Amino acid sequence: MNPAPSLDSRRFRREREALVQQLREKGITDERVLEAIGRIPRHLFVDSALWPRAYEDIALPIGFGQTISQPFTVAYQTQLLQVQPGDRVLEIGTGSGYQTAILCALGAEVFSMERLPALAERARERLEALGFHPAIRVGDGSLGWPEQAPFDGILVTAAAPSVPEPLLEQLAIGGRLVIPVGDIQEQYMHRIVRTGPQAWRDEVSYPFRFVPLIGERGWPNKGEVEEL
Ligand code: SAH
């Protein structure tokens, strides 16, 4: 997929190339992930007032107290997920839809869950405009999407207090779950591989800061996030 010329511009393409270069310098090595970030127009996933900052390596607000993740975080999580074309991938926290687009660009069959209907709807429209047609469902992703399991990859883009058991169960053998786990201030990235019917291997790497995963197996809803 290449965005229609009206949706992109030479300036944004140059800025994307510079961003890809920065991500390389920060240690992202997966060429397919870098290529996807070089191709997907991130500016289209934020309000036009933020377009001048769309290719900085920072998180940006997307409304409802939520953020589009920093490009380094998107690249790092996607690299850990090791997506192969045709993989069934579940994303928890559609948000802007940007990470969803990266997964689609890598050739995955993407299922994405978002608890806030307004964000899910906006993401769906943006993704369709770019020619991507992931399955998007409004609901509590901390319980996963059992009807579509098993998944080759599950990517959680919000902070979990612990690893939700349903997500472990919805992994295929050999499947990867990438999830930030910790308290509200700081979470460590976990990459959990299901190695057998009742066996999982957990690798922990760097600290990050995500917005909270709110749900039955996440944080309780204290009402700080407006439903609309
Ligand atoms: N991947 C997104 C990141 C958005 S921030 C992007 O690239 O823009 C995390 C998102 O997770 C928010 O939109 C938030 O509403 C959503 N979220 C939080 N708890 C959730 C849950 N239990 N199920 C589904 N989505 C959830």
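Predicted model, so just to flag it, every value in this text is computed and none were measured. (Residues numbered from 1 in each chain as written. Predicted model: local features only at pLDDT ≥ 70, side-chain atom pairs only at ≥ 80, totals over all residues. Heavy atoms only, no water.)

Describing the site of the ligand
Around the ligand, the structure places 26 residues, and the nearest of them are Ser96, Glu114, Asp140, Gly141 and Ile214. The contact in question runs from an oxygen atom of the ligand to an N or O atom on the backbone of Gln99, over 3.5 Å. Glu114 places a side-chain nitrogen or oxygen 2.6 Å from an oxygen atom of the ligand. Computed on the free molecule, the ligand has an accessible area of 580 Å², of which 99% lies beneath the protein chains in the complex. Going through the elements one at a time, strand E2 (66-68), strand E3 (88-92) and strand E4 (109-114) are the ones with two or more residues in the shell around the ligand. The greatest single-element share of the shell around the ligand, amounting to three residues, is contributed by E2. Each residue belonging to the shell around the ligand can be placed in one class, and the counts come to 10 nonpolar, 12 polar and four charged. (Near = heavy atom within 4 Å. Polar contact = N/O pair within 3.5 Å; in protein donor to acceptor, adjacent residues only side chain to side chain. Areas by Shrake-Rupley, 256 points an atom, 1.4 Å probe, with all protein chains shown as cover. Helix = DSSP H or I, 4+ residues; strand = E, 2+ residues; numbered from the N terminus. Nonpolar A, V, L, I, M, F, W, Y, C, P; charged D, E, K, R; others polar.)

Quick notes on unusual backbone geometry
Of note, the bond from Ala149 into Pro150 is cis; its omega dihedral lies within 30 degrees of zero at 5°. Even without glycine at this site, Gln82 takes up a positive phi of about 50°. Position of Gln82 relative to the elements: it lies in the loop between helix H3 (71-81) and E3.

A closer look at the sheet that holds E4
Across the sheet, which stays open at both edges, the seven strands sit in the order E5-E4-E3-E6-E7-E8-E9 with mixed pairing between neighbours. The open sheet is flanked by strand E5 (135-138) and strand E9 (199-208), the only strands paired with a single partner. Strand after strand, the sheet turns through a mean of 15° between neighbouring axes, direction not considered. Pairing of strand E6 (residues 151-156) with strand E7 (residues 171-182), which is carried by four bridges, proceeds in the parallel orientation. Paired with Ile154 across the bridge in E7 is Leu177. (Pairing = 2+ DSSP bridges. Axes fitted to C-alpha atoms, helices over the stretch in contact; angles between N-to-C directions.)

What about helix H4 (residues 98-105)?
By the criterion of burial, H4 is predominantly enclosed, with eight of the eight residues buried. Burial in H4 covers these residues: Tyr98, Gln99, Thr100, Ala101, Ile102, Leu103, Cys104 and Ala105. (Buried < 20%, exposed > 50% of the residue type's maximum accessible area, 1.4 Å probe, protein only.)

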